[in-house]
Amino acid sequence: MSQSTNVDPAELEKFASLAHHWWDTESEFKPLHQINPLRLAWIDGLASLKGKQVLDVGCGGGILADSMARKDAQVLGIDLATKSLRVAQLHALEAGTKGVQYREVPVEELAEEKPGAFDVVTCMEMLEHVPDPASVVRACGQLVKPGGWVFFSTINRNPKAYALAIVAAEYVLKMLPQGTHEFDKFIRPSELAQFAMDAGLVVDSAKGMEHNPLTGRYWLSGDTSVNYLLATRRPAL
């Protein structure tokens, strides 16, 4: 891996140490399993995944990539965490999931290799873990076909997000390991929208993701003050 690769080694190690838990629905990854049906339905509702060439950037153990393949998409999941990718590959094999492959490659490198190759690109819960999120967004914009969709999700940067995504989730409710998130790496929706526009993408819509810790229920809403999703498109030729 080159020194210029857009990755934080500490972040890679953080997820590598948890890799064997990716598909344990009662583990640290329980929230991802709980929100995945919401993410999947939102993406599929806008982009209609069936028969599409899809790229999942920062795929981790393959939770979203696997579910998109089960919507009859042809999915490539990429990540730089070797152990997580091995877990993803093993799960696909054990579950008999067809139409999904995984590669250990930086998204910027793949953008040079396969520009305009994908109908849909997803980058979920990943931008807040890299040194240069704008670089990832640019690469996603290069990888999608004209007229194609690029979906992002991340965490807003404000006092409410700090209180809920870090203090409550990591220290009070212990939904996530302490140190999972760093407040300074959170990204305001206006900043992410600017990254997208700078990458030649047009912002289509945004959704907030809310959670009731008493019931464990998650839902999508218009409140983007903490967790949020952004749908963008590359203009058609």
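Scroll up for the structure.
Residues numbered from 1 in each chain as written. Predicted model: local features only at pLDDT ≥ 70, side-chain atom pairs only at ≥ 80, totals over all residues. Heavy atoms only, no water.

1. What about the side chain of Thr-232?
Item 1. The residue Thr-232 is located in strand β8 (residues 227–233) in this model.
Item 2. Its relative accessible area of 0% is what places Thr-232 among the buried residues.
Item 3. Setting aside residues up to four positions removed in sequence, Thr-232 forms contacts with Gly-148, Trp-149, Val-150, Phe-152, Ala-196, Leu-201, Val-202, Val-203 and Asp-204. (Helix = DSSP H or I, 4+ residues; strand = E, 2+ residues; numbered from the N terminus. Buried < 20%, exposed > 50% of the residue type's maximum accessible area, 1.4 Å probe, protein only. Contact = heavy atoms within 4.5 Å.)

2. Let's talk about the packing of aromatic side chains
Item 1. Taken as a whole and judged by the stated rule, the model has 6 aromatic pairs.
Item 2. With 3.9 Å between their ring centres and 15° between their planes, Trp-22 and Phe-29 make a pair best called stacked.
Item 3. Of the residues examined, Trp-22 reaches a relative accessible area of 6% and is grouped as buried.
Item 4. Residue Phe-29 is classed as buried on the basis of its relative accessible area, which comes to 5%.
Item 5. With centroids separated by 5.6 Å and ring planes inclined at 5°, the aromatic side chains of Trp-149 and Phe-151 adopt a geometry described as stacked. For the pair Trp-149 and Phe-151, a shared accessibility class is recorded, and that class is buried.
Item 6. Grouped by ring-pair contacts, the aromatic residues Phe-15, Trp-22 and Phe-29 constitute a single cluster. (Phe/Tyr/Trp six-rings, centres within 6.5 Å; stacked < 30°, edge-to-face > 60°.)

3. Describing the environment of Ile-43
Item 1. Relative to the elements of secondary structure, Ile-43 occurs in helix α2 (residues 30–47).
Item 2. Residue class for Ile-43 comes out buried when judged on its relative accessible area of 0%.
Item 3. Along the primary structure Ile-43 and Ala-111 are separated by 68 residues, whereas in three dimensions their C-alpha atoms are 21 Å apart.
Item 4. Leaving out residues up to four positions away in the same chain, Ile-43 has contacts with Ser-48, Leu-49, Leu-64, Val-120, Thr-122, Met-124 and Phe-151.

4. Here's the deal with the environment of His-21
Item 1. With respect to the helices and strands, His-21 occurs in the loop between α1 (9–16) and α2.
Item 2. Its relative accessible area of 22% is what places His-21 among the partly exposed residues.
Item 3. Taking the C-alpha atoms as reference points, His-21 and Leu-143, 122 residues apart in sequence, are found 30 Å from one another.

5. Regarding the pattern of salt bridges
Item 1. Evaluation of the coordinates by the stated rule reveals 13 salt bridges.
Item 2. A salt bridge links Lys-160 to Asp-223, with the nearest nitrogen and oxygen atoms 3.3 Å apart. Here the residue Lys-160 occupies a position in helix α7 (residues 159–172), and Asp-223 occupies one in the loop between β7 (217–221) and β8, the gap between them amounting to 63 residues.
Item 3. Lys-160 gets classed as partly exposed once you look at its relative accessible area, which sits at 41%. (Salt bridge = Lys/Arg side-chain N within 4 Å of Asp/Glu carboxyl O.)

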